[in-house]
Amino acid sequence: MTDPVVIIGGGVMGSALAYWLTRLDPKLAVTVVERDPSYEFASSALSAASIRQQFTTAVNVRISQASIEFLRRAADELALGEEKPAIALREEGYLYLADAGGAAALRAAHSVQRAHGADVVLMDDAELAGAFAWLNTSDLALGSLGRSGEGWFDGYALLMAFARKARQQGARYVKAEVSSLEVDGSRVTGVLLSDGSRLACSCTVNAAGPWARRVAAMAGVDLPVFARRRTVYVIDCPVAMQPFPLMIDPSGFWIRPEGARYIAGFAPPDDADEPPLQPDYGAFEAELWRLLAHRIPAFETAKLERAWAGYFEMNRFDHNAILGLHSSLENLFFMNGFSGHGMQQAPIVGRAVAELILNGRFVTVDLAELLFARIEENRPLLEANVIG
Ligand SMILES: Cc1cc2nc3c(=O)[nH]c(=O)nc-3n(C[C@H](O)[C@H](O)[C@H](O)COP(=O)(O)OP(=O)(O)OC[C@H]3O[C@@H](n4cnc5c(N)ncnc54)[C@H](O)[C@@H]3O)c2cc1C
């Protein structure tokens, strides 16, 4: 390849890809086009950055197992000389809760996870009450706890670490907005920027996160990815509660510790496409407050401190990543539609897409089930565990 690989979007996906491309082929020219290097609205900067093994599709369990291994050694992998990035990984687990109606689905998901080696255990209501004294178990039937390989980390630090290491390995970051793509037959021949300039490319990659649908449309491809606003509420509760994993309530809300506070969120009932990125304070008062106080009685004394909002890049087709080529174009790669679980998948998806570009196939992790072809052939690979 003489012309560079042009990656559109320098969030955690684009930067993980730039890192892997320049690591696997140090001679390769890689250009990352990012319109906002402050990442003010990027999902990667607004993420809850948590990692779990508790998915319902085997491929997602496999990705998480590889990803946790990477995160554990990220400080060495992504070091710049002596300077080691601190991504602050905390393996405190995920706790999925089910009432009587949801217990069968939790057991089914558990079987998939165990079959793929995830370190998860089922707990009945008495075991839950014994392990988590702060939990109201009166209407619970079952819980599923991750004993290792699950927790949270500093997503912004991971993004920065990938971007810095990619640069050190030779990737070029350009601050610009991609306005259109030049397409000749089945090839993208150039990437056009809003300042009127043009970048030649050997191939290009859509890593535009919640805005990926627009980039796909520039090449005539219909990508079922939509920007859905998710508010993260920061809550102060004076009562000490230990241990406290990331908990997912049967009603759908999630909560986890964040330093001395807690962060929580849920999927709002009016889930519109691309609303303004302002936190939805009304939904906290109207919905979440009541659910939190029911599940965790100590939250009667808690107070909402602040909130922020970011976009999930929701794949409405089947809530899973969309990777690789669309049949109409031989050199436009996609890495989109992570539906709220992209931060944890970036280290592995970045490598997998780099392998696709360099070798024409997956080498270390087989993510064939996530290829774009399944959408063109109407074969959904439904992920049921989409949080909030
Ligand atoms: C509130 C919230 C909580 C989350 N919690 C978790 C979690 O716990 N665990 C987890 O794994 N994931 C979580 N996610 C999801 C995760 O953060 C995303 O899947 C991931 O960050 C997506 O990365 P990305 O690089 O694809 O997108 P982004 O980070 O959004 O990056 C895309 C970049 O593309 C740029 N761009 C777009 N269009 C153009 C253009 N035309 N020209 C130039 N640049 C362009 C944008 O400026 C942006 O910087 C959460 C997301 C949110 C919003």
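Structural notes, computed from the coordinates. What you see is a predicted model; the values in this text were computed from it and never measured.

This paragraph deals with the overall build of the protein. For the protein, the count of helices and strands is 11 helices and 19 strands. Computed over the C-alpha atoms, the radius of gyration of the protein is 21 Å, within 12% of the 21 Å expected from 2.2 N^0.38 for a compact globule of 388 residues. Counting only C-alpha atoms and orienting by the principal axes, one finds that the protein spans roughly 65 × 50 × 40 Å. Here the protein has roughly 15,400 Å² of accessible surface; of this, 50% comes from carbon and sulfur atoms. Across the protein, the centroid of the 35 positively charged side chains sits 4 Å from that of the 46 negatively charged ones.

Before going further, it helps to examine the site of the ligand. Around the ligand there are 36 residues in total, and Glu34, Ser44, Ser50, Glu313 and Gln344 lie nearest to it. Between an oxygen atom of the ligand and a side-chain N or O atom of glutamate 34, the distance comes to 2.7 Å. At 2.9 Å, a backbone N or O of serine 50 approaches a nitrogen atom of the ligand. Its free accessible area being 1,000 Å², the ligand has 96% of it covered by the protein chains. Elements with a contribution of two residues or more to the shell around the ligand: α1 (12-24), β2 (30-34), α2 (43-46), β13 (225-236), β17 (303-315) and α10 (342-359). Partitioned by chemical class, the residues of the shell around the ligand number 19 nonpolar, 12 polar and 5 charged.

Moving on, we get to the sheet that holds strand β4 (residues 94-98). The strand order across the open sheet built from 8 strands is β5-β6-β4-β14-β15-β16-β13-β17, with neighbouring strands paired in mixed fashion. On the outer flanks of this sheet lie β5 (120-124) and β17, each paired with one strand and no other. Strand-to-strand twist across the sheet, computed as the mean angle between neighbouring axes with direction ignored, equals 20 degrees. Bridge count between β5 and strand β6 (residues 142-146): 5 bridges; the pairing is antiparallel. Following the sheet pairing, aspartate 124 is matched in β6 by leucine 142.

This brings us to the side chain of serine 64. Along the chain, serine 64 turns up in helix α3 (residues 58-72). Judged by its relative accessible area of 0%, serine 64 is buried. Sequence-distant contacts of serine 64, that is, excluding residues within four places in its chain, are made with Ile51, Arg52, Gln53, Phe55 and Gln344.

Before going further, it helps to spend a moment on the environment of glutamate 83. Structurally, glutamate 83 is set in the loop between α4 (74-77) and β4. Put simply, glutamate 83 and proline 297 are 214 residues apart on the chain and 44 Å apart in space, counted from C-alpha to C-alpha.

How two aromatic rings sit relative to each other is given by the distance of their centres and the angle of their planes. Counted under the stated rule, the structure contains 13 aromatic pairs. Ring plane angle 20 degrees and centroid distance 5.7 Å describe the contact between phenylalanine 70 and phenylalanine 162, whose orientation is recorded as stacked. Of this pair, phenylalanine 70 sits in helix α3 while phenylalanine 162 is found in helix α7 (residues 155-168), placing the two residues 92 residues apart along the sequence. For the residue pair phenylalanine 70 and phenylalanine 162, the accessibility class agrees, reading buried in each case.

Within a regular strand, the side chains alternate between the two sheet faces. Sheet analysis places strand β9 (residues 178-184) next to strand β10 (residues 187-193), joined by 6 bridges and oriented antiparallel. For aspartate 184, the partnering residue across the bridge sits in β10 and is arginine 187. Remark: 2 residues form the turn of the hairpin made by β9 and β10, two consecutive strands paired antiparallel; glycine 185 in that turn has positive phi of roughly 65 degrees. Between β10 and strand β11 (residues 198-200), which pair antiparallel one after the other, the connecting turn spans 4 residues, and glycine 196 there sits at a positive phi close to 95 degrees.

Interaxial distance between α1 and α7 falls to 8 Å at its minimum, and their mutual angle equals 35 degrees. Handedness of the α1/α7 crossing: left-handed. Counting all contacts with α1, which are made through Val12, Ser15, Ala16, Ala18, Tyr19 and Thr22, the residues of α7 involved are Leu158, Leu159, Phe162, Ala163, Lys165 and Ala166. Of the residues that constitute the contact of α1 with α7, the class distribution is 9 nonpolar, 2 polar and 1 charged.

Before going further, it helps to examine the pattern of salt bridges. Under the defined criterion, the tally for this structure stands at 26 salt bridges. Of the charged contacts, one joins lysine 303 and aspartate 236 as a salt bridge, the two residues approaching to 3.6 Å between their closest N and O atoms. Of the two residues, lysine 303 is situated in strand β17 and aspartate 236 in strand β13; the sequence distance between them amounts to 67 residues. In this structure, glutamate 355 and arginine 351 form a salt bridge, with 3.1 Å as the shortest nitrogen-oxygen distance. With glutamate 355 and arginine 351 both in helix α10 and 4 residues apart, this pair spans about one turn of that helix. By relative accessible area, which is 2% here, glutamate 355 ends up buried. Linked by salt bridges that have partners in common, Arg228, Arg230, Asp271, Asp273 and Arg316 make up one network.

Here is what the cut-offs are and how they apply
- Residues numbered from 1 in each chain as written.
- Predicted model: local features only at pLDDT ≥ 70, side-chain atom pairs only at ≥ 80, totals over all residues.
- Heavy atoms only, no water.
- Helix = DSSP H or I, 4+ residues; strand = E, 2+ residues; numbered from the N terminus.
- Rg over C-alpha atoms; globule rule 2.2 N^0.38 Å.
- Areas by Shrake-Rupley, 256 points an atom, 1.4 Å probe, with all protein chains shown as cover.
- Lys, Arg positive; Asp, Glu negative; His and termini not counted.
- Charge placed at Lys NZ, Arg CZ, Asp CG, Glu CD.
- Near = heavy atom within 4 Å.
- Polar contact = N/O pair within 3.5 Å; in protein donor to acceptor, adjacent residues only side chain to side chain.
- Nonpolar A, V, L, I, M, F, W, Y, C, P; charged D, E, K, R; others polar.
- Pairing = 2+ DSSP bridges.
- Axes fitted to C-alpha atoms, helices over the stretch in contact; angles between N-to-C directions.
- Buried < 20%, exposed > 50% of the residue type's maximum accessible area, 1.4 Å probe, protein only.
- Contact = heavy atoms within 4.5 Å.
- Phe/Tyr/Trp six-rings, centres within 6.5 Å; stacked < 30°, edge-to-face > 60°.
- Left-handed = near helix turned anticlockwise from the far one by under 90°.
- Salt bridge = Lys/Arg side-chain N within 4 Å of Asp/Glu carboxyl O.

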